[in-house]
Amino acid sequence: MTDYERTVLDHYQLQTAYPVEWPAEKDLSDASEEDEPRSKKSTVRRSKSRYSALERATSDRKSLVPGSQKTGDGVENLVQRDEPDPLGTTESVVRILRQLGLPVQDDTRLRNRFLLSSTTFSPALFLSQVHSTASTQSLLEGLDTLSRSIDQKSASLKVLVESNFERFVRAKSTIDNVYMEMKYRGEPPPLPSTPRARPHSRHASRSSFRNSGNQTSMAFVSPEKDAKKKNALLKESEYGVLGIKTPLLDVSAKAEEVWGPALGGREKEESLKNMAVTFERFKDLYEVNGAITECIKRKDYETLVEEYTKAKRFADDAKRLAENLGSTPPTDSQLHQILLAARVWHDVEEQISDFKREIWKKLIAMQGTSTRNEGVLGPSQDQHMELIGILLELGVTDNPIWVWLLSRYDHLKNKITTTSERSRVEIEVLRRRLANAEKPTSQMIASHLRSLARQTAEDKPTSIDSVDIIELWEKMHTFLSNMLSPQGILGEVVEFWQTVQSFIDGTAQRTLPVGLSGESRQHHRLSTEGTVDLQNGTVELIDMIRESVFGFFADPPIEDISSLFSPLPPTPMSPKSAGTSLTPTAIRDPRFNFDANNPPPPSPKRGEAWEKFAFWPPWSNSLSGVHYLAKLLVLVGTGASEMATVSPVGNGDGSALERLKSLVGGARERCATAICAAWNRDAENIKVLEDWRRSPERRNLTRMPANFGTFESAVLSGMQKILYISEAKVGSAQVVLPPQAKLLQMVRSQFVTTLYKALSGMVENAERSVQKAEDDWTTESEGLASPVATMIATSIGAGTVNAGDRNVRMLLTLSNLQALRIDVVPNLTTQFENAFSVKLTDESKTIRDVLGQIDARLFQSYTRPASENIKGIIRRGIMDPDWPPKPNEKPTEVRPYVYEALLSLVLVHTQVSTTASSLTAQVLSYLLEQASKELLESFKQRQRYTLSALMQATLDVEFVAQTLSQYTTERASEMQSQIYQELDKGTDNEARAKLQSELPEMRAVLKRLRDGSRSEFACFKKARRSERPSQTPSQISQPQI
């Protein structure tokens, strides 16, 4: 206990901080003389002073000393509850004593022996306990402290007396004068016979005060003075009341004479006595009606049943009494008992009948409150069981258990119908608004398809589609959650069956009362027919939920939306508006209020695939589709498994279980069909993902491969969840079966088709010309990144390319295709095989062939202009009449066409290396092969070669070969050999022999020419780490397009 708590207890004189009743000593201490019991007044009265009232008032005055305590008679004294040590060692003597283990807090007498302000203070006991361990020196110091304290108090008292002496004297004179006036009525008192001067003192005054009465009574008083002293405060005048005593006695006698007969009738007295006895005997019965009324108001049903039982027992006793009397006349007491019982029982029956009607209403109305929620009063299951128990306890004709179960069944049946119809109509309204809206632009499509790359948290698909589409998806998810989740209607149906099962088994009735005399025991057992009806009703509720969900997936969009007419009756999901002005129309989303003048128009027929699906938001993409349909099918699979666990379904004839399997299979098939249609449309629009900005990780690529891979991977993951419903909690019920083979084949075909269409769109992006004014690619109408807008918005830097250049687009697309062929497509193929447990052997070959054809086609499309240009330069140079040197003239320079062809290759090298450096070796090797081929064909045109022509041709060929040696391939080397063979055919043996002798000089000339053109063709110099082509040009050109 803390010091603060102890101070509070001392202040209020309490023993504990949490008293349970008012202390009796408080009443005794504060009671006035008038409130004392009569027994005290009946005791012998001791003589009191005539100033006893003043003395009592003086004694009752509260002490002004803080911390003072009360005695047993309630009078405060000057002894404090605690005080500091007079020797000055501590501030609390009581605390020291508590530490020593003495019960001073409870024993006041013991505590007062240690307090200096008490008259029972014991110095020896104080020193032996409080200062038991004090040293001599500390005791001497305490003595000095005590001496100084006494001196200070004595001086203060002396100063008080000296400063107020005149006031004391004046007060004494005033008291004497008042007393003389009251006693002698203003006349001076008679002088004593032998006056003797005495010094003034309080003792003398008190003696004269006491003896004055006797002296006066013995003195002779004249008759004139008797009239004055009639009302004086003297004993002989009865202290002033003698004058009014006689009139009071006369009035009392007259009142007795007038009211005596009226108040003293003995017969009435006996009647009243009998009435009082009867009332006392049947006091509880008189209070039954009021008690029942109070119990109903307080909802104290337990006490209500007790009072009702008491009244019924009294009525039964009175009935038996009347039967036993027969023809014998009853006594007054018996007659009163019978009449009282009849009256009380009549009133109780009326109240209980009204109360039963209210309980029936509450029991039935409770169906409108979800049994899944818990409020302040606890679960509603406990509430309805409590109401049923009250009805059984009071006794009813109808079975409250059966009535509650039937009303619960009707409520659930109505709730399923209204919730399903209302939700589907609202979904259709939103679907029509989307269908009548504008088709999403290509920019919006691209933004949504690229959104996965911007996702930072899972399960937050806020940008995978438009806000309106996401809202419709969420609306559908809410609808199925309300129907199939454990917190929704299905949970209520399962709970209903559990309740039915508990009543059928008899476990729920164990806590229910049997009523008075067991009259309600018959209601504890359900009949066999009722049990069968409840089982069939549960199966019917399950079928209603199944049909509602299956119709949502399988049926086409509804045409009739007339249920939106306002006002609409509130659905079971609508909040109640009791006590408020809110109506279902007021709290409903205004978009769902039907306007007869402006009804939602039907969906236009555009030939879109989603027009035949009621569960697919118009213009929704496959990303949001796989995300939300996977969640919807999880609800369907989990709900179907939960429905199968209900024993009338799982243990029935099997037809209900088969219907649940068809629900899961049909919903899955419809979802897969809708997803494939959206997937196919997105694949056609996948080209909008190309924004012609470089990938941050791989600078040779744009962001297209990564975005495409992320998109395809997300669709495959979602499709796997849809087909297998892997996240559903299936339990032991086998209603979620593996997908059918036709579904897997449909997904396989769509996967390959999607890849092909996506790759075709990439090629279309690369090849589409931007110079045509009517070309919609430049206007961004199809979502492609406009090169004009790109060039204006950003300069060509690390992340931006000149998308207006066709060759740049070709190179980046080739690089992207290379990444797709090497990384993205194999990863997607592996993901598909792992997700669906199949091998894409034929499909993989088809995909590789498609990639090879597209790559070869695009490569040819890019290299053809450069190849034709180089071929033309070589053909014109060799066929030029001035190409052969003059006879007997040794060539010292290569012909100009060689420099022109190599310079064109320099331009190609610059473009390729700055755009997609990984393709540099591949492109230049291919162009070297084409140049070598053209050299061979051109030299074939000439029939004969002189020694000078032979030397010139050899110099030209060797210069090209050595300059482009880094990009030489086997095919290029083979063609160079064929060139020399062709040259050899066109000369004679003499020229061949002379050519051998000229070779050293030709090598010197060639070295000089190479050194002189080193700076012009430095880009062809072999790097330390040469980039070899991943695919030879000859391999690329093999496929025929």
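Predicted, not measured: the structure shown is a model, and the values here were computed from it.

Participant: I'd like a description of the overall build of the protein, backed by residues and values.
Facilitator: Looking only at helices and strands, the protein has 38 helices and 4 strands in total. The buried share among the 1041 residues of the protein stands at 41%. Across the protein, the fraction of contacts at a sequence separation of at least 24, relative to all contacts at a separation of at least 6, is 76%.

Participant: Summarise the packing of helix α33 (residues 896–915) against helix α35 (residues 947–963); cite the residues concerned and give the values.
Facilitator: It is the contact of α33 with α35, at a shortest axis distance of 10 Å, that shows an interaxial angle of 20 degrees. By the angle between their axes, α33 is roughly parallel relative to α35. By crossing handedness, the relation of α33 to α35 is classed as right-handed. Where α33 abuts α35, its residues Tyr897, Val898, Tyr899 and Leu902 lie against Asp956, Phe959, Val960 and Thr963. Classifying every residue of the contact of α33 with α35 gives 6 nonpolar, 1 polar and 1 charged.

Participant: Please set out the environment of Asp956 residue by residue, giving values where relevant.
Facilitator: Residue position: Asp956 is located in helix α35. The buried category is assigned to Asp956, whose relative accessible area is 2%. C-alpha separation for the pair Asp956 and Tyr899, spaced 57 residues apart in sequence, amounts to 9.7 Å. The residues touching Asp956, leaving out its near neighbours within four places in the chain, are Trp883, Val894, Arg895, Tyr897 and Val898.

Participant: Tell me about the environment of Leu744, and please be specific about residues and values.
Facilitator: Checked against the element boundaries, Leu744 lands in helix α29 (residues 741–767). Given a relative accessible area of 17%, Leu744 falls into the buried group. Other than its neighbours up to four places away in sequence, Leu744 contacts Leu723, Tyr724, Pro739 and Phe836.

Participant: Could you give an account of the nonpolar core, naming the residues involved and the relevant values?
Facilitator: The biggest cluster of nonpolar side chains holds 197 residues, and the ones touching the most others in it are Leu480, Ile545, Phe553, Phe836 and Phe939. Setting aside anything within four residues of it in sequence, one finds Phe939 in contact with Ile878, Trp883, Tyr897, Tyr945, Ala953, Val957, Ile979, Glu982 and Leu983. Grouped together as the second largest cluster of nonpolar side chains are 8 residues, Val93, Leu97, Phe114 and Phe126 included.

Participant: Help me get a handle on the side chain of Asn680, residues and values and all.
Facilitator: Residue position: Asn680 is located in helix α27 (residues 655–684). Here Gln750 takes part through its side chain, which lies 3.3 Å from a polar atom of the side chain of Asn680. Once residues within four sequence positions are removed from consideration, Asn680 is found in contact with Gln750, Thr753 and Lys757.

Participant: I'd like a description of the packing of aromatic side chains, backed by residues and values.
Facilitator: Counted by the stated rule, this structure contains 22 aromatic pairs. Ring geometry for Phe552 against Phe553: centres 5.2 Å apart, planes inclined by 75 degrees, an arrangement best described as edge-to-face. Judged on exposure class, the residue Phe552 and its partner Phe553 are both buried. An angle of 55 degrees between the planes, with centres 5.3 Å apart, marks the rings of Phe553 and Phe615 as tilted. With Phe553 in helix α23 (residues 528–554) and Phe615 in the loop between α24 (584–587) and α25 (622–644), the pair connects residues that are 62 residues apart, well separated along the chain. Across the pair, Phe615 and Phe553 agree in class, each one buried. Each residue in the set Phe479, Phe552, Phe553, Phe613 and Phe615 is aromatic and connected to the rest through ring pairs, giving one cluster.

Participant: If you had to explain the pattern of salt bridges to someone new, which residues and values would you point to?
Facilitator: Close approach of charged atoms allows side chains of opposite charge to pair. This model, assessed by the stated rule, comprises 35 salt bridges. Asp543 is paired through a salt bridge with Arg546; the nearest N and O atoms lie 4.0 Å apart. Here Asp543 and its partner Arg546 are both found in helix α23, 3 residues apart, which amounts to about one turn of the helix. For Arg546, a relative accessible area of 9% corresponds to the buried category. Residues Arg546 and Glu547 are paired through a salt bridge, measuring 3.9 Å at the closest nitrogen-oxygen approach. When its relative accessible area of 49% is taken as the criterion, Glu547 is described as partly exposed. Each of the salt bridges in this network shares a partner with another, and the network as a whole consists of Asp543, Arg546, Glu547 and Arg659.

Participant: Break down the packing of α29 against helix α32 (residues 841–878) for me, with residues and values.
Facilitator: Relative orientation of the contacting elements α29 and α32 amounts to 5 degrees, with a least axis distance of 11 Å. Taken together, the axes of α29 and α32 are roughly parallel relative to one another. Along the contact surface, α29 presents Arg748, Phe751, Val752, Leu755, Tyr756, Leu759, Ser760, Val763, Ala766 and Glu767, while α32 presents Glu843, Thr846, Ile847, Val850, Leu851, Ile854, Arg857, Leu858 and Ser861. Tallied by class, the residues present in the contact of α29 with α32 amount to 12 nonpolar, 3 polar and 4 charged.

Participant: Quick rundown of a nonpolar patch on the surface? Include the residues and the values.
Facilitator: A contiguous nonpolar patch, built from Leu157, Leu160, Val161 and Phe168 and spanning about 380 Å² of accessible area, is present on the exposed surface. Within the secondary structure layout, Leu160 lies in helix α8 (residues 136–163). In this structure Leu160 comes out as partly exposed when scored by relative accessible area, which is 47%.

Participant: Give me the lowdown on unusual backbone geometry, citing residues and values where you can.
Facilitator: Most peptide bonds adopt trans geometry, and most residues besides glycine take a negative phi value. Here the phi dihedral of Trp619 falls at roughly 65 degrees; this positive angle occurs in a residue that is not glycine. Turning to its location among the elements, Trp619 is positioned in the loop between α24 and α25. Even without a glycine there, the phi angle at Ser837 is positive, about 55 degrees. By secondary structure assignment, the location of Ser837 is in the loop between α31 (806–836) and α32.

Participant: Break down α31 for me, with residues and values.
Facilitator: Approximately 50 degrees is the largest bend angle found in α31, and it occurs at Leu820. Residue Asp805 occupies the N-cap position of α31, its side-chain oxygen lying 3.0 Å from the main-chain nitrogen of Asn807.

Participant: Any details on the confidence of the model for the protein? Residues and values, ideally.
Facilitator: The share of residues in the protein with pLDDT of 70 or more is 74%, and the mean pLDDT across the chain is 76. Ranking the elements of the protein by mean pLDDT puts helix α30 (residues 787–793) last with 36 and helix α21 (residues 467–484) first with 92. In the predicted structure, residues 72–76 sits below a pLDDT of 50 and forms 10 contacts with residues beyond four places in sequence or in another chain. Every residue in residues 770–798 is under pLDDT 50, and counting partners more than four places away or in other chains gives 55 contacts.

Participant: I'd like a rundown of the environment of Leu452, residues and numbers included.
Facilitator: Note that Leu452 resides in the loop between α20 (442–449) and α21. Once the C-alpha coordinates of Leu452 and Phe711 are considered, the two residues, 259 residues apart in sequence, prove to be 7.2 Å apart. Sequence-distant contacts of Leu452, that is, excluding residues within four places in its chain, are made with Ile464, Leu623, Thr710, Phe711 and Ala714.

Parameters at a glance
- Within any chain, residue numbers begin from 1 and follow the written order of that chain's sequence.
- Totals for whole chains, interfaces and linings use every residue, but because this is a predicted model, local features are given only for residues with pLDDT of at least 70 and side-chain atom pairs only at 80 or more, for both listing and counting.
- Hydrogen atoms and water are omitted, and side-chain values are computed over all heavy atoms in the structure.
- Numbering goes from the N terminus for both helices and strands, where a helix is a DSSP run of H or I of at least four residues and a strand is a run of E of at least two.
- In this scheme, a residue with accessible area under 20% of its type's maximum is buried, one over 50% is exposed, and one in between is partly exposed, where area comes from a 1.4 Å probe on protein chains only.
- Contacts are assigned to residue pairs with any non-hydrogen atoms lying within 4.5 Å of each other.
- Think of each axis as a best-fit line through the C-alpha atoms, taken over the contacting stretch in the case of a helix, with angles from 0 to 180 degrees between the N-to-C directions.
- In these notes the angle categories are as follows: under 35 degrees is roughly parallel, over 145 is roughly antiparallel, 65 to 115 is roughly perpendicular, and the rest is oblique.
- Helix crossings get a hand from a simple test, with the near helix turned counterclockwise from the far one by less than a right angle marking a left-handed crossing and a clockwise turn marking a right-handed one.
- All amino acids are sorted into three groups, where Ala, Val, Leu, Ile, Met, Phe, Trp, Tyr, Cys and Pro are nonpolar, Asp, Glu, Lys and Arg are charged, and the leftover types, Gly among them, are polar.
- Joining through side-chain atoms within 4.5 Å is the link that ties buried Ala, Val, Leu, Ile, Met, Phe, Trp, Tyr and Cys residues into a set, and such a set is a nonpolar core.
- Any pair of N or O atoms that falls within 3.5 Å is considered a polar contact. Within protein, one atom must be able to donate a hydrogen and the other to accept it, and sequence-neighbouring residues count only if both atoms are side-chain atoms.
- Ring pairs are drawn from Phe, Tyr and Trp, using the six-membered ring of Trp, whenever the two centres fall within 6.5 Å, and their geometry is named by plane angle: stacked under 30 degrees, edge-to-face over 60, tilted for the rest.
- Just to be clear on terms, a salt bridge is a Lys or Arg side-chain nitrogen sitting within 4 Å of an Asp or Glu carboxyl oxygen.
- Distance thresholds for patches are 9 Å for like charges and 5 Å for nonpolar side chains (Val, Leu, Ile, Met, Phe, Trp, Tyr), applied to residues having over 30% relative accessible area and no salt bridge.
- The Shrake-Rupley method, run with a 1.4 Å probe, gives the accessible areas here. Residue values count only the displayed protein chains as cover.
- The angle between axes fitted to the seven residues ending at a residue and the seven residues starting there is what we call the bend at that residue.
- The predictor reports its confidence for every residue as pLDDT, a score running from 0 up to 100.

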